Amino acid sequence: MRITSSVLEKEQYIPQKYTCNGAGISPPLEIEDIPPEAVSLVLVMDDPDAPGGTFTHWLVWNVSADTSKIEENSLPAGAVEGINSSGEVGYYPPCPPSGVHRYFFRLYALKDQIDLESGAQRSKLEEAMAPFVVGSASFMKKCAA
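Residues numbered from 1 in each chain as written. Predicted model: local features only at pLDDT ≥ 70, side-chain atom pairs only at ≥ 80, totals over all residues. Heavy atoms only, no water.

1. Brief notes about the nonpolar core
Ile3, Leu29, Ile34, Leu41, Leu43, Trp58 and Phe105 are the most contacted members of the largest nonpolar core, which has 26 residues in total. Of all elements in the fold, only β2 (29–32), β3 (40–47), β4 (55–64), β7 (100–110) and β8 (133–144) reach the threshold of two or more residues within this core. Looking at this core, the element that brings in the most residues is β7, giving 4 residues. If sequence neighbours within four positions are ignored, Ile34 has contacts with Met1, Leu41, Ala65, Leu107 and Ala109. In this structure, Val42, Ala120, Leu125 and Met129 belong to the second largest nonpolar core, which totals 10 residues. (Core = buried A, V, L, I, M, F, W, Y, C linked by side-chain atoms within 4.5 Å. Buried < 20%, exposed > 50% of the residue type's maximum accessible area, 1.4 Å probe, protein only. Helix = DSSP H or I, 4+ residues; strand = E, 2+ residues; numbered from the N terminus. Contact = heavy atoms within 4.5 Å.)

2. Describing the pattern of salt bridges
One side chain can pair with another of opposite charge once the charged atoms of both are near each other. The full count for this structure, using the stated rule, is 7 salt bridges. A salt bridge links Lys69 to Glu30; the shortest N-O distance between them is 3.9 Å. Here Lys69 is found in strand β5 (residues 69–70), whereas its partner Glu30 is found in strand β2, with 39 residues between them in sequence. Relative accessible area serves as the criterion here: at 37%, Lys69 is assigned to the partly exposed category. (Salt bridge = Lys/Arg side-chain N within 4 Å of Asp/Glu carboxyl O.)

3. Notes on the pairing of β2
Alignment of strand β1 (residues 2–4) against β2, held across 3 bridges, turns out to be antiparallel. Bridge pairing in β2 links Thr4 to Glu30. Bridge count between β2 and β5: 2 bridges; the pairing is antiparallel. By the bridge assignment for β5, Glu30 is matched with Lys69. (Pairing = 2+ DSSP bridges.)

4. Digging into the environment of Lys17
With respect to the helices and strands, Lys17 occurs in the loop between α1 (6–9) and β2. The spacing of Lys17 and Pro27 is 10 residues in sequence and 8.6 Å in space, taken between C-alpha atoms. The contact partners of Lys17, leaving out residues within four places of it in the chain, are Gly22, Ala23, Gly24, Ile25 and Glu72.

5. Let's talk about the sheet that holds β3
Taken in spatial order, the 5 strands make up an open sheet running β6-β4-β3-β7-β8, and their pairing is antiparallel. Every interior strand has two partners, whereas the edge strands, β6 (80–81) and β8, have only one. The pairing of β4 with β6 spans 2 bridges and is antiparallel. If you follow Trp61 over to β6, its bridge partner there is Val80. Strand contacts of helix α2 (residues 122–129): β3, β4, β7 and β8, with the helix running at about 145 degrees to β3, the strand carrying the most contacts. (Axes fitted to C-alpha atoms, helices over the stretch in contact; angles between N-to-C directions.)

6. Points about the state of the cysteines
The full count for this structure, using the stated rule, is 1 disulfide. Paired through a disulfide, Cys20 and Cys95 show a sulfur-sulfur distance of 2.0 Å. Linking Cys20 and Cys95, the disulfide has an S-S dihedral of approximately 70 degrees and is accordingly described as right-handed. Pair noted here: Cys20 is in the loop between α1 and β2 and Cys95 is in the loop between β6 and β7, with a separation of 75 residues, a long-range link. Taking the relative accessible area as the measure of exposure, Cys20 reaches 33% and is therefore partly exposed. (Disulfide = S-S within 2.5 Å.)

Okay, here's the thing in structure tokens:
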């Protein structure tokens, strides 16, 4: 299983376009080698270097397992978004207050869909998906204040 991004692979740091200093939109993501038993995918983007502890930037679930790309600034049909650490539903762009922070894009393959409504918190998502995970992948990029 693999998750990458053509725009994030080319640079050491996340391009400004995808941060709070730019358009603040979500980057395009490419997905490969999903386990055959997978029915759906979950995407979690977070910053473990945030001053108050891990900051969740994006939660997305019920992405079809046959999805090979999530387009820039979009959500796949049928996918559901959770609440990020800023208290909003959807993508919250990287915006480190100081220094350099790491941003992880984590992808999980599940053998079922998740029965959660939009706006669910990360803890609820993690609890709901735990029994269904059949694979995972991740990558990390940095962003400077």
